[in-house]
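Spelled out, the chains give:
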Amino acid sequence: DRHRHLFNGDTCVYFYNPERWQPEGGPFSARAIDRYIGNLHQNGIDTFVINANASRAWYPSKVIPTILDGYRRGDREFFRGHAICAGATKPAEIEKYLDDSVAFFNRYLDLVEAGVDWLAETSVACRRHGVAPWVSIRMNDLHGHKNFTGSFFNHPLLRDPAMRLRHSRYPSMAGDPTYREGLNYERPEVRAMMFAQIREVVEDYDFEGLELDWWRNPLCCEPEATAATIAMMNDWFREIRALTERRAA
C-alpha cells in the first residue's frame, strides 16, 4: 500500500510562494517546509521525491559547488550572466530578473544563515507528517546552456567544453544546439563528480529512496556508444545500486 501517490518537487518548491507557506512574513524558515509537506500529506501524498540539484547543488553540499557559492545578500550582479538563460534580454526585463533573483535567493540565504539545511529539513518534516522522503538527482541539467561560462547555474565541469557532449544533436533537430551539450559521462571527471553528490545525499541524509532523473535532459554519452562505454556505464550504475543497498542495510 505504500508509495502509491508520489509527488516530485524541484529544488524551488518551498521558495516560489512564501506568502502561502510563511504568511506571517519574516526571514524564510523551516516552518515553510513543514507547512508544505503537511499540505501534501493532507492531500493524500504518501511519498515526496525532492530534487536536490540542478547543475550545482541547491542544498549546502560539502562535496560539489552549490548554487549560492560566491553570493552575498543583495548582489544583483551575481545573477546577470544568467539573465539570457532566463529569457531576459531587454534592459527592463534584465533589471526585473535581477531584482526577482535577489528576493528569491535571499530565502535560501535566510535558511543558511539560520543553520537550516533545507534538504535535511525535508526528511524531518516528512517523518513528522508520515510521508516517505525520497531524493531525486538531476543527472544533466542545462538551465545555463545559453551562457556556459557566465551563468551562476553551471557547475565548473559544465563550463569546460572538454567535459560536454559534442555530437548529441541530430541534424533534424530544431532549436538551440547548446541545449544538447550536456555533461559527457564518458569522462571520468563527470562520473566522479556525480557519484560524490549521489553518495552524499544517500549516506549523509535520511531518505528512503533515490531517483536518478534523466527526464529533463536525457543526455549521457555520445550517440552510437561502444559496447565498452555501455559496459562502463552499467558498472557505474551498479556502484550506485550497491551504495543504496549498503545504506539500506
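Above this text is the structure in question.
Residues numbered from 1 in each chain as written. Predicted model: local features only at pLDDT ≥ 70, side-chain atom pairs only at ≥ 80, totals over all residues. Heavy atoms only, no water.

Applying the stated rule across the entire model yields one cavity of 30 Å³ or more. If you add up the space inside the largest cavity, you get close to 50 Å³. Lining the largest cavity, in full, are Asn53, Ala54, Ser55, Arg138, Met139, Asn140, Asp141, Leu183, Met193 and Met194. Within the lining of the largest cavity, the residues separate by chemical class into five nonpolar, three polar and two charged. (1 Å grid on protein atoms, 1.4 Å probe; cavity = no way out; pocket = protein on both sides within 12 Å on 5 of 7 lines; lining within 4 Å. Points joined across faces, edges and corners; volume = space filled by probe spheres on them. Nonpolar A, V, L, I, M, F, W, Y, C, P; charged D, E, K, R; others polar.)

Before going further, it helps to spend a moment on the packing of helix α6 (residues 188-203) against helix α7 (residues 227-248). Running from N to C, α6 and α7 point in directions that differ by 15 degrees, and their axes come no closer than 10 Å. Taken as axis vectors, α6 and α7 run roughly parallel relative to one another. In the crossing of α6 with α7, the sense of the turn from one axis to the other is right-handed. Together, Arg191, Met194, Phe195, Ile198, Arg199, Val202 and Glu203 of α6 and Met232, Met233, Trp236, Glu239, Ile240, Leu243, Thr244 and Arg247 of α7 make up the contact between the two elements. Here the residues of the contact of α6 with α7 sort into nine nonpolar, one polar and five charged. (Axes fitted to C-alpha atoms, helices over the stretch in contact; angles between N-to-C directions. Helix = DSSP H or I, 4+ residues; strand = E, 2+ residues; numbered from the N terminus. Parallel < 35°, antiparallel > 145°, perpendicular 65-115°, else oblique. Left-handed = near helix turned anticlockwise from the far one by under 90°. Contact = heavy atoms within 4.5 Å.)

A separate point is the sheet that holds strand β1 (residues 6-9). Taken in spatial order, the four strands of this open sheet run β1-β2-β3-β4, and their pairing is parallel. A single partner strand is all that each edge strand has here, and the edge strands are β1 and β4 (209-213). For this sheet, the mean inter-axis angle between neighbouring strands, taken without regard to orientation, is 25 degrees. (Pairing = 2+ DSSP bridges.)

It is worth spelling out the pattern of salt bridges at this point. Scanning the entire structure with this criterion turns up 20 salt bridges. In this structure, Arg73 engages Glu113 in a salt bridge whose closest nitrogen and oxygen atoms are separated by 2.8 Å. Highlighted residues: Arg73 in the loop between β2 (47-51) and α3 (91-113) and Glu113 in helix α3, separated in sequence by 40 residues. Overall, Glu113 belongs to the exposed group, its relative accessible area being 55%. Here Asp206 and Arg127 are joined by a salt bridge, their closest N and O atoms 2.9 Å apart. Placement of Asp206 in the loop between α6 and β4 and of Arg127 in helix α4 (residues 118-129) is noted, with a sequence separation of 79 residues between them. Assessed through its relative accessible area of 37%, Asp206 is described here as partly exposed. (Salt bridge = Lys/Arg side-chain N within 4 Å of Asp/Glu carboxyl O. Buried < 20%, exposed > 50% of the residue type's maximum accessible area, 1.4 Å probe, protein only.)

The terminal C-alpha atoms of α3 lie 32 Å apart, and with 23 residues this matches the ideal 33 Å at 1.5 Å per residue to within 8%. Considering bend angle alone, the principal kink of α3 is centred on Arg107 and spans about 25 degrees. (Expected span 1.5 Å × (residues − 1). Bend = angle between axes of the 7 residues up to and from the residue.)

Time to look at the nonpolar core. Of all hydrophobic cores here, the largest spans 71 residues; its most connected members are Tyr14, Phe48, Trp58 and Trp118. The element that contributes the greatest number of residues to this core is α3, accounting for nine residues. Sequence-distant contacts of Tyr14, defined by excluding residues within four places in its chain, comprise Trp21, Phe28, Ile33, Tyr36, Ile37, Phe48, Ile50, Trp118 and Thr122. (Core = buried A, V, L, I, M, F, W, Y, C linked by side-chain atoms within 4.5 Å.)

A separate point is the environment of Cys126. Locating Cys126 in the fold gives a position in helix α4. For Cys126, a relative accessible area of 0% gives the class buried. Counting along the chain gives 62 residues from Cys126 to Pro188, while the straight-line C-alpha distance between them is 35 Å. Non-local contacts of Cys126, meaning those with residues more than four positions away in its chain, are made with Ile37, Phe48, Val131 and Pro133.

Looking now at the packing of aromatic side chains. Two descriptors summarise a pair of aromatic rings, namely the distance from one centre to the other and the angle between the planes of the rings. Evaluated as defined, the whole model comprises 34 aromatic pairs. Measuring from centroid to centroid gives 5.2 Å for Phe78 and Phe152, while their planes differ by 50 degrees, and the two rings are tilted. Within this pair, whereas Phe78 is found in the loop between β2 and α3, its partner Phe152 is found in the loop between β3 (132-138) and α5 (156-159), the two being separated by 74 residues in sequence. By relative accessible area, Phe78 is classed as buried at 17%. Exposure remark for Phe152: the relative accessible area of 5% places this residue in the buried category. Taking 6.4 Å as the distance between ring centres and 75 degrees as the angle between the ring planes, the aromatic pair formed by Trp214 and Phe237 counts as edge-to-face. Taken together, the residues span a long stretch of sequence, with Trp214 in the loop between β4 and α7 and Phe237 in helix α7 at a distance of 23 residues. Among the residues examined, Trp214 registers a relative accessible area of 18% and is labelled buried. (Phe/Tyr/Trp six-rings, centres within 6.5 Å; stacked < 30°, edge-to-face > 60°.)

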